[in-house]
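Structural overview
Residue-level listing of the chains:
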Amino acid sequence: MSLILASVSASAAYAQESASADENMDELEEIVVTGIRGSLQRAMDIKRDSRGIVDAISAEDMGKFPDTNLAESLQRITGVSIDRVNGEGSKVTVRGFGPDFNLVTLNGRQMPVSSLEDTNASSSRSFDFANLAAEGVAGVQVYKTGRAAIPTGGIGSTINIQTTRPLNSPGMKASIGAKAVMDTSELDGTSVTPEFSGIYSNTFAEDKFGVALSGSYQKRKSGYTQANAGWRGAFAGEQNDWGTLPQIPAGGTEDDINVTNRPGPGDFYATTQNMAYSMTAIDRERINGQLTMQYRPVDTVTATVDYTYSQNKVATERHDMSVWFNHGATTSEWTDGPVAGAIVYAEDFGASPTDLSFGAAEFATKNENKSFGANIEWAPTDRLTLELDYHNSSAESGADSPYGSHVALGTAGFTVQSQSIDFSEELPVLSLTQIDGLTGVDTSRIVSSGTSFRNSYMRTEVEQFQFRGSWEFDAGIVDSVDFGAAYTENNVRSAYANVQRDTWGGAGPASDMPDDIFEIISVADKFDKLSGSDNPDLFNEWVVYDFETMVGLIDDLYGACGGNGQCSSDDFTTDRRTKEESKSAYLQVNSSFDMGDVPVNIVAGLRYEETDVTSAALVPVATGTQWVAANEAVVIFSGDQDFTELEGNYKNWLPSVDVDFQLMDNVVFRASYSETIARPRYDDIQGGQTINEIFRVGGGTGSQGNPALLPFKSKNLDFSAEWYYDDASYFAAGYFRKDVKNFIGTDVITAQPFGLPTPFGGQRYNDAVAAVGSNDLTAIRNWIFANADPSTFEITGVDSNGNTTGNIFGVPGEDPTLDITVTIPSNQRSAELNGWEFALQHTFGNSGFGAILNYTIVNGDIGFDNLTEWNTEQFALFGLSDTANIIGFYDKDGLQVRVAYNWRDEFLSGIIQGEYAVRQPIYVEAYGQFDVNVSYDITDQITVFAEGINVTGETTRSHGRHENTALWVTQAGPRFNIGARYKF
């Protein structure tokens with residue numbers, strides 16, 4: 001856990017610190033100090049002597065990183081918080097800026113990103129740290145503010161991962177380790193899975209040639225149970241739409257509408273749309289490996305070649321039970337406003353019982369990362385250092401199953417007479433009344449109700465050339481000048497296909513489903529850590545079935561994959577391809593001098609960035625239009641698809657300056673100013689322009705991406721003070737502010753894609769208007785059918801009112817071109833974020849005991865307004881929250897103990913904008929977790945250890961505008977590792 005809470009920087013270029021990692025790794029590896037206390041002492045020394053503000057973590061010993069996951073180590077740093085996936089750290093938020101605002105590099109090289117989220121390829125730029133094992137990492141730096149020599153792409157931070165360089169630590173060093181992993185969240189009985197790791201580094205030929213090889217293998221089984229609810233709208237109390245609560249009749253009371261404490265005219269509320277319980281089993285296999293070779297024929301030349309590989313296979317099987325609300329005969333009870341939350345929401349279906357659904361899903365994905373790099377560093381003189389670096393890296397995510405990446409099966413029994421959900425406790429409690437006096441599940445009534453076989457794919461490839469140099473001066477206030485240039489090409493492809501069969505009323509009779517395929521299990525024990533699980537009204541039966549058996553059965557009966565026998569499809573209906581070409585150059589001056597008796601250090605620089613974006617997307621080809629009903633016309637699509645392409649370009653000058661000085665012994669003051677950028681998400685810059693099928697007299701609607709979007713640009717200001725009051729002990733306080741512009745909203749443009757003729761407004765239409773003497777659309781249609789060229793329409797009949805029905809075609813060359821109002825992302829908003837960071841590190845003399853405490857306060861004017869109607873667009877920054885760490889440790893006589901508590905306050909993680917939950921915020925509630933690590937050095941070579949992650953089994957919960965508007969409530973469990981390491 002070394003370098004935690006440390007602020008380190010360098011007077012040389014980021015290239016020398018990070019990309020080649022030679023000089024920096026000399027600092028990290030020349031003095032080999034193992035153990036918690038030694039690494040913290042080193043962290044404090046680097047922090048005190050640094051220029052600028054950079055937090056870092058290094059391995060406590062070769063092959064021994066502080067945590068089993070890189071993200072879980074990063075969360076110990078002041079101002080860094082993480083998102084967890086399947087109970088493991090995945091992505092990071094830094095000073096309130098979420099994963100998309102942070103750039104991750106490997107040895108100073110831009111890392112490609114790829115992942116599949118939900119049922120589609122991701123549009124995010126965030127790096128998933130779960131793909132990389134911690135054992136092969138030598139160190140990680142978090143650059144919170146910009147510097148000219150640091151690659152751009154993160155306004156939250158730039159995070160650089162360092163790997164071992166053998167020539168920086170001559171001689172033979174090696175270690176191997178083995179762990180037994182037991183994850184108590186596993187749902188089908190706890191099993192023990194293996195994890196192996198090893199690292200070897202050696203130098204030869206009088207330390208002129210070096211080889212480092214590391215590898216790891218992990219097999220992990222885990223799981224979680226979850227309750228989730230979907231919501232319709234955020235209605236104002238006086239609204240009267242589908243899904244709203246009934247209005248109190250004149251002279252009536254709430255009893256007349258079965259509503260208790262109905263939200264008033266000035267209140268907002270949401271009604272329940274659906275509710276589900278699910279349990280998910282996860283089987284993860286991760287393989288990592290890296291080979292590094294170095295050659296230093298003379299002291300002034302060092303050549304390095306390295307290759308990094310990671311593979312992460314995740315197989316997930318989920319079973320769920322769900323209900324749906326039709327908003328008919330409802331009964332409900334509500335909290336007080338102005339944002340009211342449902343206490344109880346219920347519905348009676350009368351003579352038409354509804355379904356109780358039992359779904360199953362299988363997600364099987366494979367993430368593969370490859371990175372090849374070559375670097376040569378040459379010092380032609382004592383003052384000049386030159387470096388050339390090249391790498392080609394790829395990240396690819398796709399299906400790892402013949403069924404596709406995401407498969408869902410639906411079954412249901414239509415037995416529900418009435419249903420009710422109690423939202424007053426942690427777990428939303430579902431209660432049911434069924435037909436024929438049923439108190440549980442009758443498997444003899446279950447039918448197949450639909451299938452969906454989705455196939456998602458994403459690949460990112462980065463090719464990068466970097467040139468860097470540094471010139472040192474013998475005298476004067478300028479110590480050195482760093483300079484460099486780079487070219488980066490980033491190619492991204494994301495694609496998606498879905499083969500779906502919707503037969504939600506049942507594909508066949510219940511007799512098609514043999515009873516012995518189903519297993520009935522209980523619900524309450526799956527949520528036993530949540531209040532509400534012991535509610536006697538909880539419907540406590542759940543049906544699960546073997547996924548493979550069910551797929552085979554329904555495919556034989558109905559054609560599970562649309563009747564074609566092919567479950568997944570590579571015929572992608574969504575296919576987006578983006579190329580970003582970036583050119584950059586920088587100049588940085590490093591200076592030190594005395595101002596009176598005060599030593600002052602300054603690093604000042606300027607960086608230039610220019611980026612060209614070319615983006616293409618596959619879109620349906622439109623060939624014509626037809627007027628099909630009085631106020632409804634449709635676009636005719638050919639069934640073919642073609643790529644549309646759009647382009648963009650932007651340039652930025654990015655200055656930066658870091659200053660530090662000591663007004664008194666052991667007290668360091670720092671100030672930094674920088675400008676940084678982060679690029680938009682890939683879906684915002686996609687090249688496709690799609691048009692909606694239905695249009696009206698005034699024209700049609702559509703949407704497109706915008707490759708011409710400018711990047712987010714932040715002006716960053718930092719101040720800090722550090723007091724080093726004792727050996728391995730210090731206190732630090734800092735203030736930061738970020739003024740960010742170019743946040744993305746939506747705008748509209750008018751376009752005429754495909755040059756489609758519209759049946760509205762041409763000579764034929766105008767003649768009809770003149771003849772009928774009005775703009776009555778039904779009358780106009782009748783006139784055209786009776787008087788226009790019959791080749792321009794087709795008649796299908798006459799309706800009950802005697803009006804002619806049929807289709808009137810848009811005629812090319814005669815009718816005007818259809819105008820489409822296209823929604824497009826645009827740079828619109830600015831925001832300010834500021835905060836405070838406090839850190840205390842204290843060791844209690846030679847007792848072996850010590851403690852680390854840090855707290856980060858983040859404030860901003862970019863939150864979500866819960867008192868805004870559901871159909872109003874809002875902008876908010878995701879991930880904004882306070883964070884804290886409390887860490888106690890003991891390190892003496894070969895025994896090391898660390899107990900860490902990490903806490904994150906409630907934060908906004910996203911905004912749901914689906915059909916039934918328009919602009920519903922997702923608030924993740926405050927969460928704290930205890931982790932414990934104990935190790936003992938039996939000999940100088942053998943260490944045994946035990947680790948516990950989330951040892952108290954904390955649960956997570958998220959909600960919408962009101963805490964009763966539960967979205968996801970998740971129960972997992974602690975994870976324990978027991979193992980040993982042998983050091984050669």
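What you see is a predicted model; the values in this text were computed from it and never measured.

So, how was this worked out
- Residues numbered from 1 in each chain as written.
- Predicted model: local features only at pLDDT ≥ 70, side-chain atom pairs only at ≥ 80, totals over all residues.
- Heavy atoms only, no water.
- Helix = DSSP H or I, 4+ residues; strand = E, 2+ residues; numbered from the N terminus.
- Rg over C-alpha atoms; globule rule 2.2 N^0.38 Å.
- Buried < 20%, exposed > 50% of the residue type's maximum accessible area, 1.4 Å probe, protein only.
- Contact = heavy atoms within 4.5 Å.
- Axes fitted to C-alpha atoms, helices over the stretch in contact; angles between N-to-C directions.
- Parallel < 35°, antiparallel > 145°, perpendicular 65-115°, else oblique.
- Left-handed = near helix turned anticlockwise from the far one by under 90°.
- Nonpolar A, V, L, I, M, F, W, Y, C, P; charged D, E, K, R; others polar.
- Salt bridge = Lys/Arg side-chain N within 4 Å of Asp/Glu carboxyl O.
- Core = buried A, V, L, I, M, F, W, Y, C linked by side-chain atoms within 4.5 Å.
- 1 Å grid on protein atoms, 1.4 Å probe; cavity = no way out; pocket = protein on both sides within 12 Å on 5 of 7 lines; lining within 4 Å.
- Points joined across faces, edges and corners; volume = space filled by probe spheres on them.
- Expected span 1.5 Å × (residues − 1).
- Arc of directions from axis to C-beta.
- Polar contact = N/O pair within 3.5 Å; in protein donor to acceptor, adjacent residues only side chain to side chain.
- Pairing = 2+ DSSP bridges.
- Phe/Tyr/Trp six-rings, centres within 6.5 Å; stacked < 30°, edge-to-face > 60°.

1. Structural notes on the overall build of the chain
From N to C terminus, the chain includes seven helices and 48 strands. Here the C-alpha atoms of the chain give a radius of gyration of 31 Å, agreeing with the 30 Å that 2.2 N^0.38 yields for 984 residues. Along the first, second and third principal axes, the C-alpha atoms of the chain reach 100 × 65 × 60 Å. For the chain, with 984 residues in total, the buried portion stands at 58%. In the chain, the share of contacts with a sequence separation of at least 24, taken over all contacts with a separation of at least 6, comes to 75%.

2. A few points about the packing of helix H6 (residues 763-772) against helix H7 (residues 777-787)
Helix packing for two helices is described by the angle between their axes and how far apart those axes are. In the contact formed by H6 and H7, the axes pass within 9 Å of each other and the chain directions differ by 110°. Of the possible angle classes, the one that applies to H6 and H7 is roughly perpendicular. Remark: the crossing between H6 and H7 carries right-handed chirality. Contact residues: H6 offers Arg764, Tyr765, Asp767, Ala768, Val769, Ala771 and Val772, while H7 offers Leu777, Ala779, Ile780, Trp783 and Ile784. Partitioned by chemical class, the residues of the contact of H6 with H7 number ten nonpolar, no polar and two charged.

3. Comments concerning the environment of Phe889
Take Phe889: it is sitting in strand E40 (residues 883-892). A relative accessible area of 4% places Phe889 in the buried class. Phe889 sits ten residues away from Val899 along the chain, and the two C-alpha atoms are 6.3 Å apart. Not counting residues within four places of it along the chain, the set of residues in contact with Phe889 comprises Ile36, Leu40, Thr843, Gly848, Phe849, Gly850, Ala851, Ile852, Val897 and Arg898.

4. Comments concerning the pattern of salt bridges
Scanning the model with the defined rule gives 36 salt bridges in all. With its nearest N and O atoms 3.4 Å apart, the salt bridge here joins Asp306 to Arg165. Placement of the pair is Asp306 in strand E16 (residues 301-324) and Arg165 in the loop between strand E10 (157-163) and strand E11 (173-183), with a sequence separation of 141 residues. Accessibility assignment for this pair places Asp306 and Arg165 in one class, buried. A salt bridge links Arg220 to Asp183; the shortest N-O distance between them is 2.8 Å.

5. Some thoughts on the nonpolar core
In this structure, Tyr277, Leu409 and Trp542 are the most contacted members of the largest nonpolar core, which totals 59 residues. Top contributing element to this core by residue count: strand E15 (residues 268-298), with five residues. By size, the runner-up hydrophobic cluster in this structure holds 48 residues, among which are Phe97, Phe129, Ile155 and Ile744.

6. Some thoughts on empty space enclosed by the protein
Evaluated as defined, the whole model comprises 16 cavities of 30 Å³ or more. When its volume is computed, the largest cavity comes out at roughly 440 Å³. In terms of lining residues, the largest cavity is bounded by 34 residues, among which Leu103, Gln110, Pro151, Thr152 and Arg679 are the most central. The set of elements that each furnish at least two residues to the lining of the largest cavity consists of helix H1 (14-19), strand E5 (102-106), strand E23 (446-472), strand E24 (478-502), strand E27 (574-595) and strand E28 (598-629). Take the lining of the largest cavity: its biggest share by element is six residues, from E23. Broken down by class, the residue content of the lining of the largest cavity amounts to 16 nonpolar, eleven polar and seven charged.

7. Points about helix H5 (residues 547-558)
Look at H5: 16 Å from first C-alpha to last across twelve residues, which is about the 16 Å you get at 1.5 Å a residue. Along H5, the residues classified as buried are Phe547, Met550, Val551 and Ile554. Taken down its axis, H5 places every buried residue within 100° of arc, on the same side. The opening residue of H5 is Asp546, an N-cap whose side-chain oxygen sits 3.4 Å from the backbone nitrogen of Glu548. One or two steps after H5, the chain reaches Gly559, where phi turns positive at roughly 80°.

8. Re unusual backbone geometry
Gly337 connects to Pro338 through a cis peptide bond whose omega is 10°. In this fold, Pro338 is placed in the loop between strand E17 (329-334) and strand E18 (342-348). Phi is positive for Asn107, close to 55°, though the residue is something other than glycine. Of note, the phi angle at Phe754 is positive, near 65°, even though the residue is not glycine.

9. Some remarks on the side chain of Asp891
Tracing the chain through its elements places Asp891 in strand E40. The exposure class of Asp891 is buried, given its relative accessible area of 15%. The residues touching Asp891, leaving out its near neighbours within four places in the chain, are Gly35, Ile36, Arg37, Gly38, Gly848 and Gln896.

10. Some points on the pairing of E27
Across 18 bridges, the pairing between E24 and E27 is antiparallel. Each bridged residue has a counterpart across the sheet, and for Thr488 the counterpart in E27 is Ser582. Strand direction decides the pairing type here: E27 and E28, joined by 20 bridges, are antiparallel. Within E28, the residue paired with Ser591 across the bridge is Ile602. Linking two consecutive strands that pair antiparallel, namely E27 and E28, is a turn of two residues; a positive phi of about 70° is found at Gly596 within it.

11. Focus: H6
Listing the buried residues of H6 in full gives Arg764, Tyr765 and Ala768. The buried residues of H6 occupy one face: seen down the axis, they fall within an arc of 100°. Among the exposed residues of H6, those oriented more than 90 degrees off its buried face are Gln763 and Ala770. Elements that come into contact with the buried residues of H6 comprise E28, H7 and strand E37 (804-809). The first or second residue beyond H6 is Gly773, which carries a positive phi of 75°.

12. Focus on the packing of aromatic side chains
Considering all chains together, one arrives at 33 aromatic pairs under this definition. Measuring from centroid to centroid gives 6.3 Å for Tyr403 and Phe453, while their planes differ by 50°, and the two rings are tilted. Of this pair, Tyr403 sits in the loop between strand E20 (384-399) and strand E21 (406-422) while Phe453 is found in strand E23, placing the two residues 50 residues apart along the sequence. Residue classification places Tyr403 among the buried residues on the basis of a relative accessible area of 14%. We classify Phe453 as buried; its relative accessible area is 0%.

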